[in-house]
Each structure stands twice: as C-alpha cells, then as structure tokens.
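Descriptive analysis of the structure
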Amino acid sequence: MKILVINGPNLNLLGLREPEIYGKATYEDLLAQLRKDAAELGVEAEFFQSNHEGALVDAIQGAYGTADGIVINPAAYTHTSIAILDAVKAVGIPTVEVHISDPDEREEFRRVSYIRQACIATVKGKGFAGYTEAMRILAERR
Ligand code: CA2
C-alpha cells in the first residue's frame, strides 16, 4: 500500500517560528518520524511539500493510479482552496485531512475547511502524531 503525504504552504518552516502552536520539531523531523511509522504499519510512504496551490493540485492528480491513500495538511489552503477540494474529489483516492493545531479552536477564518467534505476523516490538534493516526486510518482500510 502506498500513501502520499502532502504538506502545504509554510510547513517546510516547521520548528523555526511559532513553536507554541506547531512545536519545535522541523519538517525533516516530521518526515523521519513518518518514515518510521510507515515501516511499522507496513506501508510505503512518499512525501511532497509545496507552497504553491497548483503544485499541490498536480501532486494530487499525480497520485491517481499510483497511490492508495493520501494524507494531506493543506495548511492555509484548507480555508481557501476549492481547487484542492476538486482535485481530491476527482482522483477518488481515500484521503485524510490533518492539522497539527486545531484550526476550529483558533481564529474564525480557520473554521472553514473546503477539503473536509472530500475526506474520509479529519485528525486535528494532535501535533505530529496526527499524521501517524491518519496513516493508520488508511492502513486499516486495506
Ligand atoms: O494546524 C495546522 O496544521 C494548519 O494546517 C497549519 C497552517 C494553518 O494555516 C492552518 O490553519 C492550520 C499554517 C502552517 C504554517 O506553518 C508554520 C510553520 C513554521 C512557522 C510558522 C508557520
């Protein structure tokens, strides 16, 4: 089983700013943890991060026929992007939405998630462990 883990804008800067919200660990630390988790779950994981909406859409489209599941933290595009929602709907790949923080407990503008309606689950407010849980949700559907 292959899972594509997609991260959106600014998540490449994890650990550099706002540690009170996103923690002190870096994006590379996240990938290291997820590589271990994938091995334990017996799944193959691939990773993609971009600051660009179209590149995220391209990555979702590229998963068609190659990935069995998608874990995605669209970051700020969660709250704005119908294009990313449409891409997830178009490929029809089981997708889990992840957020490190709980956007529903933050500013009003973070309460909307366009992508949520196309996802089989949402994991939020659990830090990096949320990505592990998301991969487990997909792995358990095998
Ligand atoms: O909690 C999450 O995972 C978010 O998806 C993170 C997004 C935010 O726009 C969403 O509302 C919730 C922001 C990611 C920004 O990442 C940073 C990394 C380092 C320093 C500052 C921000």
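These remarks concern the structure in this document. (Residues numbered from 1 in each chain as written. Predicted model: local features only at pLDDT ≥ 70, side-chain atom pairs only at ≥ 80, totals over all residues. Heavy atoms only, no water.)

Here the focus is the environment of T132. Inspection of the secondary structure assignment puts T132 in helix α5 (residues 129-139). A C-alpha to C-alpha distance of 9.7 Å links T132 and V98, two positions 34 residues apart in sequence. Contact partners of T132, with chain neighbours within four places excluded, come to Q33, L34, D37 and L41. (Helix = DSSP H or I, 4+ residues; strand = E, 2+ residues; numbered from the N terminus. Contact = heavy atoms within 4.5 Å.)

On to the site of the ligand, then. Around the ligand, the surrounding shell holds 15 residues, and the nearest of these are N73, H79, H99, I100 and S101. With respect to the ligand, the side chain of N73 contributes an N or O atom lying 2.8 Å from an oxygen atom. R110 has a polar side-chain atom sitting 2.9 Å from an oxygen atom of the ligand. Compared with its free state, where it exposes 500 Å², the ligand has 93% of that area covered by protein. The cavity that encloses the ligand is the largest pocket. Of the residues assigned to the shell around the ligand, the class counts are seven nonpolar, five polar and three charged. (Near = heavy atom within 4 Å. Polar contact = N/O pair within 3.5 Å; in protein donor to acceptor, adjacent residues only side chain to side chain. Areas by Shrake-Rupley, 256 points an atom, 1.4 Å probe, with all protein chains shown as cover. 1 Å grid on protein atoms, 1.4 Å probe; cavity = no way out; pocket = protein on both sides within 12 Å on 5 of 7 lines; lining within 4 Å. Sits in = over half its atoms within 2 Å of the grid points. Nonpolar A, V, L, I, M, F, W, Y, C, P; charged D, E, K, R; others polar.)

Running from amino to carboxyl end, helix α2 (residues 27-41) crosses α5 at an angle of 30°, the nearest separation of the two axes being 10 Å. Judged by the angle between their axes, α2 and α5 are roughly parallel. The interaxial crossing formed by α2 with α5 has right-handed handedness. Only A129, Y131, T132, M135, R136 and A139 of α5 make contact with α2, whose side of the interface consists of L30, Q33, L34, D37, A38 and L41. Looking at the contact of α2 with α5 residue by residue, the classes come out as eight nonpolar, two polar and two charged. (Axes fitted to C-alpha atoms, helices over the stretch in contact; angles between N-to-C directions. Parallel < 35°, antiparallel > 145°, perpendicular 65-115°, else oblique. Left-handed = near helix turned anticlockwise from the far one by under 90°.)

For the rest of this paragraph, the subject is unusual backbone geometry. Of note in this structure, E18 is not a glycine but carries a positive phi near 50°. Secondary-structure assignment places E18 in the loop between β1 (2-7) and α1 (19-22). We note that A75 has phi near 55°; this positive angle belongs to a residue other than glycine. Examined against the element boundaries, A75 turns out to sit in the loop between β3 (69-73) and α4 (82-91). Take A75: its relative accessible area is 14%, and that puts it in the buried class. (Buried < 20%, exposed > 50% of the residue type's maximum accessible area, 1.4 Å probe, protein only.)

This paragraph deals with the pairing of strand β5 (residues 121-124). Along β5, the buried face is formed by A121 and V123; none of T122 and K124, which line the opposite face, is buried. Summarising the sheet, strand β4 (residues 95-99) and β5 pair through four bridges and their orientation is parallel. Considered in β5, the bridge of H99 is made with K124. (Pairing = 2+ DSSP bridges.)

Let's shift gears to α2. Taking 1.5 Å per residue as the helical rise, α2 with its 15 residues ought to reach 21 Å, and the 21 Å between its terminal C-alpha atoms agrees with that figure. Taken as a whole, α2 has its buried residues at Y27, L30, L31, L34, D37, A38 and L41. Summarising the axial view, the buried residues of α2 lie within an arc of 125°, below the 170-degree limit, and thus occupy one face. Looking at α2, the residues exposed on the side facing more than 90 degrees away from the buried face are K36, A39 and E40. Among the structural elements, β1, β2 (44-49) and α5 are those in contact with the buried residues of α2. A positive backbone phi angle near 75° is found at G42, which sits one or two residues after α2. (Expected span 1.5 Å × (residues − 1). Arc of directions from axis to C-beta.)

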